[in-house]
Amino acid sequence: MDPETRHQKLRAYEQAFEQLVAGLKEFPREMWEFRDEHGCWSIHEHLVHISDSEANSYIRCRRLIAEPGQDLMAYDENRWGRELDYHSIGTEGSLELFRVLRQQTVELLSNLPEEAWSNTCYHPENGDMTLDDWLDVYARHVEEHLEYMSENHRAWLAANP
């Protein structure tokens, strides 16, 4: 990844918390538990997933920097949602956890030497990943989930005319 593209992705990565908070204002709280007819995650579940994903991302990033060549952990996000009963986990705490983990990683990445960006680890689902690959995934993660939440919101509006 060239430095300009990386800079743009780092900026998107850094702004994700604010993007998430702003996006959530579009969805009435009374629909945060709603699941559409296809059983897609509710907004509540998306928020808890985002914090769990960020916790995994936090570790993956550090492993890519400190232990290149090692394996990265994969996890079954749907199973986590079900087995960890995401609806029993508070969204405020999940948002705060996401904010803190993301900020800590932004600080780490801001002073990273150029050569670290090409460090590679093996991910069981994605194969070899560099730190640049990791950034590409997580720079857009919140945006992707906001779109899923928007789809859920549209389904809620259709079910509650």
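Note that the structure is a prediction, hence the values are computed from the model and not measured.

**Focus: the side chain of serine 94**
Inference 1: By secondary structure assignment, the location of serine 94 is in helix H5 (residues 91-110).
Inference 2: Of the residues examined, serine 94 reaches a relative accessible area of 4% and is grouped as buried.
Inference 3: Excluding its chain neighbours within four sequence positions, the residues that come into contact with serine 94 are Leu47, Val48, Ser51 and Ile89.

**What to know about the environment of aspartate 133**
Inference 1: Among the secondary structure elements, aspartate 133 is positioned in helix H6 (residues 131-139).
Inference 2: Between the C-alpha atom of aspartate 133 and that of methionine 1, which follows or precedes it by 132 residues, the distance is 8.7 Å.

**Quick word on the pattern of salt bridges**
In a structure, side chains of opposite charge can pair up when their charged atoms sit close to one another.
Inference 1: Per the stated rule, a full pass over the model turns up 13 salt bridges.
Inference 2: Glutamate 67 serves as the salt-bridge partner of arginine 63, at 3.5 Å between the closest nitrogen and oxygen.
Inference 3: Glutamate 96 is the salt-bridge partner of arginine 99, the closest N and O atoms lying 2.6 Å from each other. Pair noted here: arginine 99 and glutamate 96 are both in helix H5, with a separation of three residues, about one helical turn.
Inference 4: Taken together, the shared-partner salt bridges connect Lys9, Asp136, Arg140 and Glu144 into one network.

**A short note on the pairing of strand E2 (residues 127-130)**
Inference 1: For strand E1 (residues 120-123) and E2, the ladder comprises four bridges, and the chain directions are antiparallel. For tyrosine 122, the partnering residue across the bridge sits in E2 and is aspartate 128.
Inference 2: In sequence, E1 turns back onto E2 through a hairpin of three residues.

**Observations regarding the side chain of histidine 49**
Inference 1: Note that histidine 49 resides in helix H3 (residues 43-66).
Inference 2: When sequence neighbours within four positions are dropped, the list of residues in contact with histidine 49 reads Trp41, Tyr75, Glu77, Tyr86, His141 and His145.

**Focus on the confidence of the model for the chain**
In low-pLDDT segments, the atomic positions of the prediction should not be examined closely.
Inference 1: Considering every residue of the chain, the mean pLDDT works out to 95; 100% of them sit at 70 or more.
Inference 2: Mean pLDDT across the elements of the chain bottoms out in helix H1 (residues 3-14) (94) and peaks in helix H2 (residues 16-24) (98).

**Re the state of the cysteines**
Inference 1: If you walk through the whole model with that rule in mind, you get zero disulfides.
Inference 2: Cysteine 121 takes part in no disulfide bond, and the closest cysteine sulfur, belonging to cysteine 61, lies 10 Å away.

**Concerning unusual backbone geometry**
Inference 1: Here the phi dihedral of aspartate 85 falls at roughly 50°; this positive angle occurs in a residue that is not glycine.
Inference 2: Note that aspartate 85 resides in the loop between helix H4 (77-83) and H5.

**Focus on the packing of H2 against helix H7 (residues 141-159)**
Inference 1: Between H2 and H7, the least distance of the axes is 10 Å, while the angle of their chain directions is 10°. In terms of their interaxial angle, H2 and H7 are classed as roughly parallel. Residue-level contacts link Ala16, Gln19, Leu20, Gly23 and Leu24 of H2 to Val142, Glu143, Leu146 and Met149 of H7.
Inference 2: Split by residue class, the contact of H2 with H7 holds six nonpolar, two polar and one charged.

Conventions we followed
- Residues numbered from 1 in each chain as written.
- Predicted model: local features only at pLDDT ≥ 70, side-chain atom pairs only at ≥ 80, totals over all residues.
- Heavy atoms only, no water.
- Helix = DSSP H or I, 4+ residues; strand = E, 2+ residues; numbered from the N terminus.
- Buried < 20%, exposed > 50% of the residue type's maximum accessible area, 1.4 Å probe, protein only.
- Contact = heavy atoms within 4.5 Å.
- Salt bridge = Lys/Arg side-chain N within 4 Å of Asp/Glu carboxyl O.
- Pairing = 2+ DSSP bridges.
- pLDDT = per-residue confidence, 0-100.
- Disulfide = S-S within 2.5 Å.
- Axes fitted to C-alpha atoms, helices over the stretch in contact; angles between N-to-C directions.
- Parallel < 35°, antiparallel > 145°, perpendicular 65-115°, else oblique.
- Nonpolar A, V, L, I, M, F, W, Y, C, P; charged D, E, K, R; others polar.

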